[in-house]
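Residues per chain, in single letters:
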Amino acid sequence: MHTAKFLTTAPQLHHLPPLTVPEIAFVGRSNAGKSTCINTLTQQKQLAYASKKPGRTQNINLFSLGKQGITDAVLADLPGYGYAAVPKADKIRWQRVMANYLVTRENLVGIVMMCDPRHGLTELDEILLDIVRPRVAEGLKFLILLTKSDKLNREEATKALSIARLQAGGGEVKLFSALKKQGIDEASQLLWQWAHPEGADAPAPKPAAPVIDEPENLDEPENLDEN
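Predicted model only: the values in this text are computed from it and were never measured. Residue positions are given per chain, counting from 1 as you read along its sequence in written order. For a predicted model such as this one, the threshold for reporting local features is a pLDDT of at least 70, and the threshold for listing and counting side-chain atom pairs is 80 or more; totals across whole chains, interfaces and linings nevertheless cover every residue. Side-chain numbers come from the whole structure's heavy atoms, not from hydrogens or water.

In DSSP terms, a helix is any run of H or I states spanning at least four residues, a strand is any run of E spanning at least two, and both are numbered starting from the N terminus. Counting its secondary structure elements, the protein contains 5 helices and 7 strands. Walking the protein from its N terminus toward its C terminus, one meets helices and strands in the order β-β-α-β-β-α-β-α-β-α-β-α. Only protein chains enter the accessibility calculation, which uses a 1.4 Å probe; a residue whose area is less than 20% of its type maximum is buried, one above 50% is exposed, and one in between is partly exposed. Residues counted as buried form 50% of the 227 residues belonging to the protein. In the protein, of all internal contacts separated by at least 6 residues, the share reaching a separation of at least 24 is 78%. Carbon and sulfur atoms form 52% of the exposed surface of the protein, whose accessible area is close to 11700 Å². In what follows, a contact means two residues having at least one pair of non-hydrogen atoms within 4.5 Å. Residue-level accessible areas treat just the shown protein chains as cover; the underlying method is Shrake-Rupley with a 1.4 Å probe.

What follows covers the side chain of Ser64. You can see Ser64 is positioned in strand 3 (residues 60–65). In contact with Ser64, other than residues within four places in its own chain, are Thr3, Ala4, Lys5, Leu7, Thr71, Ala73 and Val74.

The next subject is helix 4 (residues 154–167). Working rule for helices: expected span equals 1.5 Å times residues minus one. Given a rise of 1.5 Å per residue, 14 residues ought to cover 20 Å, and the 20 Å separating the end C-alpha atoms of helix 4 matches this to within 8%. Taken residue by residue, helix 4 has Ala157, Ala160, Leu161 and Ala164 as its buried positions. For helix 4, the arc enclosing every buried residue in end-on projection is 100°, short of the 170-degree limit, so these residues lie on one face. Turned more than 90 degrees off the buried face of helix 4, the exposed positions are Glu155, Lys159 and Leu166. Where helix 4 is buried, its residues contact strand 6 (141–146) and strand 7 (172–175). Here a polar contact is recorded for every N or O atom pair within 3.5 Å, except that within protein the pair must consist of a potential hydrogen donor and a potential acceptor, and residues adjacent in sequence are included only if both atoms are side-chain atoms. Of the residues that open helix 4, the one with a side-chain oxygen 3.1 Å from the backbone nitrogen of Glu155 is Asn153. Gly169 occupies a position one or two residues after helix 4 and carries a positive phi of about 60°. Note that the arc is defined by the directions from the helix axis to the C-beta atoms.

Two strands are said to pair when DSSP picks up at least two bridges between them. Bridge count between strand 6 and strand 7: 4 bridges; the pairing is parallel. Considered in strand 7, the bridge of Leu143 is made with Glu172. Viewed with both strands pointing away, a crossover whose connecting path from the first strand over the helix to the second turns clockwise is right-handed. Read as a crossover between parallel neighbours, the route from strand 6 over helix 4 to strand 7 is right-handed.

When two helices pack together, their arrangement is given by the angle between their axes and by how far apart the axes lie. Interhelical geometry of helix 2 (residues 88–104) versus helix 3 (residues 123–137) gives an angle of 20° and a closest axis separation of 9 Å. The orientation of helix 2 relative to helix 3 falls into the category roughly parallel. Like other packed secondary-structure pairs, helix 2 and helix 3 cross with a definite hand, here right-handed. Facing helix 2, whose interface residues are Met98, Ala99, Tyr101, Leu102, Val103 and Thr104, helix 3 presents Leu128, Ile131, Val132 and Arg135. Three residue categories are used. Nonpolar comprises Ala, Val, Leu, Ile, Met, Phe, Trp, Tyr, Cys and Pro, charged comprises Asp, Glu, Lys and Arg, and polar comprises the others, including Gly. Grouping the constituent residues of the contact of helix 2 with helix 3 by class yields 8 nonpolar, 1 polar and 1 charged. For helices, the fitted line uses only the C-alpha atoms of the stretch in contact; every axis is such a line through C-alpha atoms, and the angle between N-to-C directions lies from 0 to 180 degrees. Each angle receives one of four descriptions, namely roughly parallel if under 35 degrees, roughly antiparallel if over 145, roughly perpendicular if within 65 to 115, and oblique otherwise. Should the near helix be turned counterclockwise from the far one by less than a right angle, the crossing is left-handed, whereas a clockwise turn marks it as right-handed.

Another aspect to go through is the nonpolar core. Here, nonpolar core refers to any group of buried Ala, Val, Leu, Ile, Met, Phe, Trp, Tyr and Cys residues whose side-chain atoms link them within 4.5 Å. Core analysis: the largest hydrophobic core is formed by 38 residues, its most contacted members being Leu78, Tyr101, Leu102, Met113, Ile144 and Leu146. Those residues in contact with Ile144, other than ones at most four positions away along the chain, are Met113, Cys115, Leu121, Ala164, Ala168, Glu172, Val173 and Lys174. If you look at the next biggest cluster of nonpolar residues, it comprises 26 residues, including Leu65, Leu75, Trp194 and Ala195.

Right, let's talk about the sheet that holds strand 7 for a bit. Taken together, the 7 strands give an open sheet; going across it, the order is 1-3-4-2-5-6-7, and neighbouring strands pair in mixed fashion. Looking at strand neighbours, the two that pair on one side only are strand 1 (5–10) and strand 7, the edges of this open sheet. Averaged over all adjacent pairs, the angle separating strand axes in this sheet is 25°, with direction ignored. Pairing geometry for strand 1 and strand 3, over 5 bridges, is antiparallel. Within strand 3, the position partnered with Thr8 by the bridge is Leu62. Lying on the sheet, helix 1 (residues 34–41) is in contact with strand 2 (23–28), strand 4 (73–77), strand 5 (108–115) and strand 6; it crosses strand 2 at an angle near 145°.

Written out as structure tokens, the structure reads:
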């Protein structure tokens, strides 16, 4: 993970390079700690950019992984969703881009969803789960990281894990804290296994799925706090 380097940014799907190496996407509601998680896992302070105005980042950012300049996997940082301050027209545009990416990106092998366990999976997270559930059923890897878990006591953490596992639809759930260095090694090892399945070749490309014209509205009126 520490070999991660910025590869490219794309406001639309046709700007993404066609890749054959495994790709892992990071998704999550604005303020769920997505940028912090990516920077922590890659051991870099400013690889993923955290906007001072949450929800303003509207592009898909790709980061290459691999030693000696040879890319063998890619991380995709998708825009955070659900922040009310973003104009509705902009939300609709990137919601469509994000939904189409998750449904049609052929080299996508796994999705990591960030979730603040103090709020749990929101309606917006459930909508995203509905979008990716068919691909997860076909073998796409899925992980929920309960970020900022240092803000929970042991009882609260156990309860949050139990609830998220019921909602994960067959995916894995782990506690994660950049501050307390919790769950970093576990998550890093799991993502490496996704990108380098033992004894397995690269996944065969999937047939192109139909483009989504109008994804579910991911709008939600309330904002989450920064903490």
